[in-house]
Amino acid sequence: TRPGTTLQALEASLRLLRPGGCVSVVCYAGHPGGATETAQTADWCARLDGTQWKVLRYALHNKGPAGVSLLFIEKAE
């Protein structure tokens with residue numbers, strides 16, 4: 001996966017959500033380019049309008065920079 005296509009897919013998926021709907025994204029930083037993709041995806045989520053979206057980030061901090069993290073995006077009702 002690559003940041004450009006990942007973010008395009010996320011933008012398309014959010015347009016399809018109804019109020020209360022959600023998208024979950026599992027980020028794995030351990031592959032080549034994975035740390036960049038994870039950071040760009042998390043930054044994109046952080047810029048979502050807080051009045052329209054709730055974003056939860058869950059990460060395994062004891063696994064170092066190559067750990068897995070989860071981004072959970074919910075559309076406000």
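Residues numbered from 1 in each chain as written. Predicted model: local features only at pLDDT ≥ 70, side-chain atom pairs only at ≥ 80, totals over all residues. Heavy atoms only, no water.

S.K.: Before we go on, may I ask you to explain the sheet that holds strand E2 (residues 53-59) in this structure?
M.R.: Within a sheet, each strand pairs with its neighbour through backbone hydrogen bonds, oriented either parallel or antiparallel. Within the open sheet, the 3 strands sit side by side as E1-E3-E2. Their pairing is antiparallel. With one partner strand each, in any of the chains shown, strand E1 (22-28) and E2 form the two edges of the open sheet. Between one strand axis and the next, the sheet turns through 15° on average, direction left out of account. Each of E1, E2 and strand E3 (68-75) is contacted by helix H1 (residues 3-16), which is oriented at about 165° to E1, the strand it contacts most. Each of E1, E2 and E3 touches helix H2 (residues 34-46); the most contacted strand, E3, lies at about 25° to it. (Pairing = 2+ DSSP bridges. Helix = DSSP H or I, 4+ residues; strand = E, 2+ residues; numbered from the N terminus. Axes fitted to C-alpha atoms, helices over the stretch in contact; angles between N-to-C directions. Contact = heavy atoms within 4.5 Å.)

S.K.: Looking at this structure, how should I read the side chain of threonine 41?
M.R.: Within the fold, threonine 41 resides in helix H2. When residues no more than four places from it in sequence are discounted, the contact partners of threonine 41 are Thr6, Leu7, Leu10, Val25, Cys27 and Leu71.

S.K.: Explanation requested: the nonpolar core in the structure shown.
M.R.: A general trend in soluble globular proteins is that nonpolar side chains are found buried together. Judged by nonpolar contacts, the single largest core of 13 residues is most densely connected at Leu14, Trp44 and Ile73. Looking at this core, the elements that each hand over two or more residues are H1, E1, H2 and E3. (Core = buried A, V, L, I, M, F, W, Y, C linked by side-chain atoms within 4.5 Å. Buried < 20%, exposed > 50% of the residue type's maximum accessible area, 1.4 Å probe, protein only.)

S.K.: I'm lost on the environment of threonine 36 in this one. Help?
M.R.: Within the secondary structure, threonine 36 is located in helix H2. Sequence separation between threonine 36 and proline 3 is 33 residues, and the spatial gap between their C-alpha atoms is 7.5 Å.

S.K.: I would appreciate a short explanation of the environment of alanine 59 in the present structure.
M.R.: With respect to the helices, strands and loops of the structure, alanine 59 is situated in strand E2. Sequence separation of alanine 59 and cysteine 27 is 32 residues, and the distance between their C-alpha atoms is 9.2 Å. Here alanine 59 is in contact with Val68 and Ser69, once residues within four sequence places are set aside.

S.K.: In this structure, what is going on with the packing of H1 against H2? I would like to understand it.
M.R.: In a pair of packed helices, the angle between the axes and the distance between the axes together describe the arrangement. Axis separation between H1 and H2 bottoms out at 9 Å; the angle between their running directions is 30°. Our classification of the angle between H1 and H2 gives roughly parallel. Remark: the crossing between H1 and H2 carries right-handed chirality. Of H2, the residues touching H1 (which contributes Pro3, Thr6, Leu7, Leu10, Glu11 and Leu14) are Thr36, Glu37, Gln40, Thr41 and Trp44. (Parallel < 35°, antiparallel > 145°, perpendicular 65-115°, else oblique. Left-handed = near helix turned anticlockwise from the far one by under 90°.)

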